[in-house]
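Letter by letter, the chains look like this.
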Amino acid sequence: MTTVIRARRAVVGDRERACAVTLRDGRIVAVDDYDAPLPTGADEVVLAGDEALLPGLVDTHVHINDPGRTEWEGFASATRAAAAGGVTTVIDMPLNSIPSTIDVAALDVKRATATGQTTVDVGFWGGAVPGNLADLRPLWDAGVYGFKCFLAYSGLDEYPPLNREQMVAAMREIASFDGLLIVHAEDGPTLDAQPPAAGRRYADFLQSRPPVAESRAIAQVIDGARETGCRVHILHLSDAGSLPLLAEAKAAGVRITAETCPHYLSLFSEEILDGSTHFKCCPPIREAGNREALWRGLADGTIDCVVSDHSPCTPELKKFTSGDFGEAWGGISSLQLGLPIVWSEARRRGHTLVDVVRWMGRNTRDLVGLADRGEIAVGNSADLCVFAPDDAFVVFPERLHHRNAVTPYAERALAGVVRQTWLSGAPLTVTLDAAQDPAPRGRLLTRAPAPEGTHELA
Ligand SMILES: [Zn+2]
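Each chain carries its own residue numbering, running from 1 in the written order of its sequence. Under the rules for a predicted model, residues below a pLDDT of 70 receive no local features and side-chain atom pairs below 80 are neither given nor counted, while totals for whole chains, interfaces and linings still include all residues. Computation of side-chain values covers all heavy atoms of the structure but excludes hydrogens and water.

What about the sheet that holds strand S11 (residues 180–184)?
Hydrogen bonds between backbone groups are what pair the strands of a sheet, and the pairing can be parallel or antiparallel.
Reasoning step 1: Any two strands are treated as partners once DSSP identifies two or more bridges connecting them. Secondary structure elements follow DSSP: runs of H or I no shorter than four residues count as helices, runs of E no shorter than two count as strands, and numbering proceeds from the N terminus. One open sheet accounts for six strands, arranged S9-S10-S11-S12-S13-S14; its pairing is parallel. Lying at the two open borders of the sheet, with one neighbouring strand each, are strand S9 (126–127) and strand S14 (305–306).
Reasoning step 2: Pairing geometry for strand S10 (residues 147–150) and S11, over four bridges, is parallel. Across the sheet, Phe150 pairs through a bridge with His184, a residue of S11.
Reasoning step 3: In what follows, a contact means two residues having at least one pair of non-hydrogen atoms within 4.5 Å. Note on geometry: axes are lines fitted to C-alpha atoms, helical ones only across the stretch in contact, with angles between N-to-C directions running from 0 to 180 degrees. Its contacts with the sheet put helix H7 (residues 211–228) on S11, strand S12 (231–234) and strand S13 (256–260), and the angle it makes with S12 is roughly 170°.

Some points on the pattern of salt bridges
Reasoning step 1: Any Lys or Arg side-chain nitrogen located within 4 Å of an Asp or Glu carboxyl oxygen qualifies as a salt bridge. Per the counting criterion, the structure on display carries 34 salt bridges.
Reasoning step 2: In this structure, Glu271 engages Arg412 in a salt bridge whose closest nitrogen and oxygen atoms are separated by 3.4 Å. With a gap of 141 residues between them, Glu271 in the loop between helix H9 (262–266) and helix H10 (288–299) and Arg412 in the loop between strand S15 (384–394) and strand S16 (413–423) connect regions that are remote in the sequence.
Reasoning step 3: Among the charged side chains, a network of salt bridges with common partners joins Asp14, Arg362, Arg365, Asp366 and Glu375.

Quick look at the domain arrangement of the chain
Reasoning step 1: Here the chain is described as being made up of domain 1 (2–53 + 382–387 + 417–457) and domain 2 (56–368).
Reasoning step 2: Here the C-alpha centroids of domain 1 and domain 2 sit 28 Å apart.
Reasoning step 3: Between domain 1 and domain 2, the contact holds 31 residues from the first and 32 residues from the second.
Reasoning step 4: The junction of domain 1 with domain 2 conceals about 2600 Å² of combined surface from both sides, 60% of it contributed by carbon and sulfur atoms.
Reasoning step 5: Take the accessible area each of two parts loses on contact, using a 1.4 Å probe, and add the two losses: that sum is the buried area. Its largest share of buried area at the contact with domain 2, domain 1 owes to Leu444, Leu445 and Arg447, together 28% of the area lost on that side.
Reasoning step 6: Scanning the region where domain 1 abuts domain 2 turns up three salt bridges.
Reasoning step 7: Polar contact is defined as a pair of N or O atoms within 3.5 Å, subject to the rule that within protein one atom must be able to donate a hydrogen and the other to accept it, and that residues adjacent in sequence are counted only when both atoms are side-chain atoms. Linking domain 1 with domain 2 are 14 residue pairs in polar contact (both at pLDDT 80 or more).
Reasoning step 8: Contributing elements (two or more residues each) for the side of domain 1 that touches domain 2: strand S1 (2–12), strand S2 (15–24), S15, S16 and strand S18 (445–447).
Reasoning step 9: The greatest single-element share of the side of domain 1 that touches domain 2, amounting to four residues, is contributed by S16. What marks off one domain from the next here is an automatic or database domain assignment.

Below, the structure is given as structure tokens:
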């Protein structure tokens, strides 16, 4: 079965062009001029004039929480949200599920749970916690894409942070097999020295997690990476004041990358009402000026990736009744909305769809070494997103596919509508009634041991 998609606009490599993309056996087999002849027997899909063809996005920071906290989120609902948002590959975080993915047995449980449930492709991160140094190599060999650690309390007793010595030991071990350490970079001792978050005032919550907690942690990560040669990645950067540290480290050859999230690029603390715990996440959403500086960090390449940090919970855990920022669970769910949120803000600052795809597709796939996606190119998996950049919509929480209709974006107008998502050469159908939709056909991804940067489908 061969399909040709003709698009007046498509993001191909580093530019936007008109083209005809030929798909066969789940792969992209040709990228030709728009009016290239149709191969005999091929199906033809002609996109509307206001639609742009993008590669399916790769979101490397998603908390699916399944098994164990499936009432917060599950493989079925999260991957449906991804599909509705143009995301065709997600990498699942090792915590919030029970068990945490800190050894091979737990990874096996995750895989067994996910099997047959995923609408898009799913891979897994492992975890680095105190005492599991000997599990890192086996997890790597079993196919995780790297290891997540915290340097401050994670919010869960079962997933403790590493202290400085433990972090360096993990880096040394991970460097021995050229793996990747991804770090929640807030410094625990710095947070412990602040008055703890309590009450309804957003300003008090912000003060409980100051920028210096991020910059100190990032400095430690840089020192450790320099000392051990370990490849490291800073998760969900919020503090723009840390950008010079990152830029200097990169310039000095430290193997470090960084990501930020749609909420840090779109929301800002001055607009957050007291008691509005929808907006609680860690590190916190900071001032509007900080947001602009993060955009500059993206523009100059200091920040490599934009990922959702989709981190759902039940409405009860958000403590909407008390509005207490100390008690509410931290986390924002935006897997389905990441592309329009980022595009709405990016276009106002003169960025293009090529930029957005670089941050949300190519650089994220490079982070995890998934060489066959994140870009419209011959040989890649035929994962695509049909996006109408000049169309617009209003966010209604009940129309989102993640499990709990909790979002700080309710009733916001966003630019850019995901009209269709293709996985492995065919369009996905995601409606509000999951029971009516075709069986999920996402695949579970396993990092291949060799050659470097490739993977197998499991
Ligand atoms: Zn996270």
